[in-house]
Amino acid sequence: MSAAAERLRGTLAWIAPPVGTPIDAWRRRILAAMLLGACVLGFFAYVVGVSAAIIRGVTSVIVVDSAVYGALILLTVGNRLPYALRAGALVVVPALLGTFFLFNFGFTAAGFPWMLSFPIFASVLLGVRAGVWSVGVLACLLTALGLIIPSNIMPWTAAMPEALVMWWVSSSSVLLLAALLAIAAGYLFDGLGREANARQAAELEADRRERLAALGTLTGGIAHDFNNLLQPVLSDAEEARRLLPDNHAVRPLLDDILLSTSRARTLVRRILSFTRPAQGNREIVELGALALESERLIRAVLPPSVELRTTVQDAVHIRAEPGELQQVLLNVVTNALQAMPDGGLITVRVSEHALRDVGNETALSGVDRVAVLTVSDTGVGMSGETLARIFEPFFTTKRPGQGTGLGLATVHATITALGGIVRAESAPGAGTHFTVLLPTVPGPATVMSPLPPAVAAIPDAAAAHIVVVDDEPAILLATTRLIERLGYQVTRYQSPSELLEQFASLTPPPAILLTDLSMPIMSGRELAAAVHRRSPRLPIVLMTGNLELEDDASAPHAMFTGILSKPFTNAELQAMLQRCLALR
């Protein structure tokens, strides 16, 4: 039985593939079932009708029945024909048959049942509007046939004295039933279609959320290792830069390393922002200065065939995290670069306007002036269908393996989190124009600079004994060197168990414990709990590359005085140590 059902489903899918929206797919299934039923079951009706016509010598019935049955077969096998054409032809068939039988045979044939099915077919296959129009057509046909009854043009009217009265009674009843059934069927299918569309949208949203959650889980899982790799790069680059004179040729290279490290940390945070809200350290930023500062880094990824022009028309201040704005610029410019395989021009412009001059955006209601960041390119442009989906996560026009579809989705998520909007305009062959609108803020600006704050030794710090625990040797060594340079006494351990064995004999007693979160055998939480039991007043700082804790760094957990999110800068480490010592 199941094999037969599978074959039947396969046959119906071949006749009319169920594609499109849920309601469109169901209408195609119904069309396939009606065509298949008309061919199989209609064959018996065709044989009976033609046989009766041969016996009675009615040639017209033989011709009409044969033509209609042949048309049904052609509609059934013509699966490449447009759906509207096939459905419309099937809807017209009962109207034609009904008109033929009523004209030639009146009440003695199946004319009225065929007429009754005409608007019902239209509602089911083409929608309630088509059903209503079909009721109107049916009324016109029945009225036209009724008006010619007194002239006895139709063969059967002369032999039926009460034909006109019977006609109007029957026609009005058929018309009423047809209208009620057509409207009911049309609204039923439209309602089911809306429910099916809503269910499909909910399923797609659930699937999108699952994929984003999977992305968050994957990124969060590798974030610890990734940030552990960045930590010694950041610390050693800062130290190397400090040791070199200001005019040394290597300093600009170290500046690039520091900025790239900061962008890498921001990139991971932006990707994770799809699955959980991000709370970065936002400050007042001068957008034009940041765009000019980013220009040198962006040029490094552009081929010689692509020209970059940056124009700052106004000094405009916004509240943002500098790194996330750099990532926005980089992602949009990368998108422009990919649209210009043969080279071209990318234009970045920063200006300030009144909101009413750039559009009345609901998302920016209550804002008087906005910062306007535009990025234009002379690339191949996009079609309307592609343009409508460019901010969707995982949507990409690249071949598999060449892109994730997250670049512009990250841009949209970042700008939305900043209280702004991003718009895109494009057309095939006309390039693409991105416009970012952000609310302005008054006050001085902090411009992102590759130069980290100077880290100076702290007077009288030698009395403070700092213990550092991390299973990564490079991080342990880099962190220890920095703390020693600040003037503290440092003891380092690569194993939590080793620290616990020697904790009671440490001289002088530790003033601060810095511990990594994820370590084999014993985690940082477990180590903190063990140390807290022995020394409840000892400040404990958690060093972690787990970004799930990064947003709570300003709100320490029960056993921790603070949280340092890897990769942390030397200045951030110094500030944390000073804070812990102030609590003693």
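Predicted model only: the values in this text are computed from it and were never measured.

J.: Even after reading the chapter, I still don't get a nonpolar patch on the surface, so can you show me in this structure?
T.: Side chains of V40, L41, F43, F44 and V47 sit close together on the surface and give an oily, nonpolar patch of about 490 Å² of accessible area. Of note, F44 is situated in helix α2 (residues 22–56). On the basis of relative accessibility, which here comes to 53%, the residue F44 falls in the exposed class.

J.: I would appreciate a short explanation of the packing of aromatic side chains in the present structure.
T.: The relative placement of two aromatic rings is captured by the distance of their centres and the angle of their planes. The tally for this structure, following the rule as stated, stands at 11 aromatic pairs. Above the plane of the ring of W26 lies R29, whose end atom (NZ or CZ) is 4.6 Å from the centre.

J.: Can you walk me through helix α3 (residues 59–77) in this structure?
T.: An α-helical segment advances 3.6 residues per turn. Residues three or four places apart therefore align on the same side. For α3, built from 19 residues, the straight-helix expectation of 27 Å at 1.5 Å per residue is met to within 8% by its first-to-last C-alpha distance of 27 Å. Among the residues of α3, those classed as buried are V61, D65, V68, Y69, L72, L75 and T76. Down the axis of α3, the sector holding all buried residues measures 120°, keeping them to one side. Facing away from the buried side of α3 by over 90 degrees, the exposed positions are T59, V63 and L74. Buried residues along α3 sit in contact with α1 (2–15), α2 and α4 (83–105).

J.: For this particular structure, what's the right way to read unusual backbone geometry?
T.: Where the residue is not glycine, phi is negative for most of them; where a peptide bond is considered, it is trans in most cases. In this structure, P508 follows T507 across a cis peptide bond, with omega equal to -10°. By the element assignment, P508 lies in the loop between α15 (496–502) and β10 (512–516). Even without glycine at this site, N152 takes up a positive phi of about 55°. With respect to the helices, strands and loops of the structure, N152 is situated in the loop between α6 (128–147) and α7 (163–243). Exposure remark for N152: the relative accessible area of 43% places this residue in the partly exposed category. Its identity is not glycine, yet I521 carries a phi of approximately 70°, on the positive side. Along the chain, I521 turns up in the loop between β10 and α16 (524–534).

J.: For this particular structure, what's the right way to read the side chain of E286?
T.: Topologically, E286 is positioned in strand β1 (residues 283–286). Summary of buried charges: E286 has no salt-bridge partner, and the nearest side chain of opposite charge, R369, is 13 Å away. Side-chain polar atoms of E286 contact the backbone nitrogen of G288, separated by 2.9 Å. Separated by 3.0 Å, the side chain of E286 and the backbone nitrogen of A289 make a polar contact.

J.: Help me understand the sheet that holds strand β11 (residues 540–544) in this model?
T.: To summarise the sheet geometry, strands pair through backbone hydrogen bonds and adopt either a parallel or an antiparallel arrangement. Strand order across the open sheet formed by 5 strands is β9-β8-β10-β11-β12, with parallel pairing between neighbours. Where the open sheet ends on each side, the last strands, each with one partner, are β9 (489–493) and β12 (562–565). Taking each pair of neighbouring strands and ignoring which way they run, the sheet shows an average axis angle of 20°. In the sheet, β11 pairs with β12 via 4 bridges, with the strands oriented parallel. Bridged to V541 within β12 is G562. Against the sheet, helix α14 (residues 473–485) engages β8 (465–469), β9 and β10, with an angle of about 170° to β9. In the packing of helix α18 (residues 570–582) onto the sheet, the strands contacted are β8, β10, β11 and β12, and the crossing angle to β12 comes to about 175°.

What counts and what doesn't
- Residues numbered from 1 in each chain as written.
- Predicted model: local features only at pLDDT ≥ 70, side-chain atom pairs only at ≥ 80, totals over all residues.
- Heavy atoms only, no water.
- Patch = residues over 30% accessible without salt bridge, like charges linked within 9 Å, V, L, I, M, F, W, Y side chains within 5 Å.
- Areas by Shrake-Rupley, 256 points an atom, 1.4 Å probe, with all protein chains shown as cover.
- Salt bridge = Lys/Arg side-chain N within 4 Å of Asp/Glu carboxyl O.
- Helix = DSSP H or I, 4+ residues; strand = E, 2+ residues; numbered from the N terminus.
- Buried < 20%, exposed > 50% of the residue type's maximum accessible area, 1.4 Å probe, protein only.
- Phe/Tyr/Trp six-rings, centres within 6.5 Å; stacked < 30°, edge-to-face > 60°.
- Lys NZ or Arg CZ within 6 Å of the ring centre and 35° of its normal.
- Expected span 1.5 Å × (residues − 1).
- Arc of directions from axis to C-beta.
- Contact = heavy atoms within 4.5 Å.
- Lys, Arg positive; Asp, Glu negative; His and termini not counted.
- Polar contact = N/O pair within 3.5 Å; in protein donor to acceptor, adjacent residues only side chain to side chain.
- Pairing = 2+ DSSP bridges.
- Axes fitted to C-alpha atoms, helices over the stretch in contact; angles between N-to-C directions.

Interpretation note: all reported values are geometric properties and have no functional meaning in isolation.
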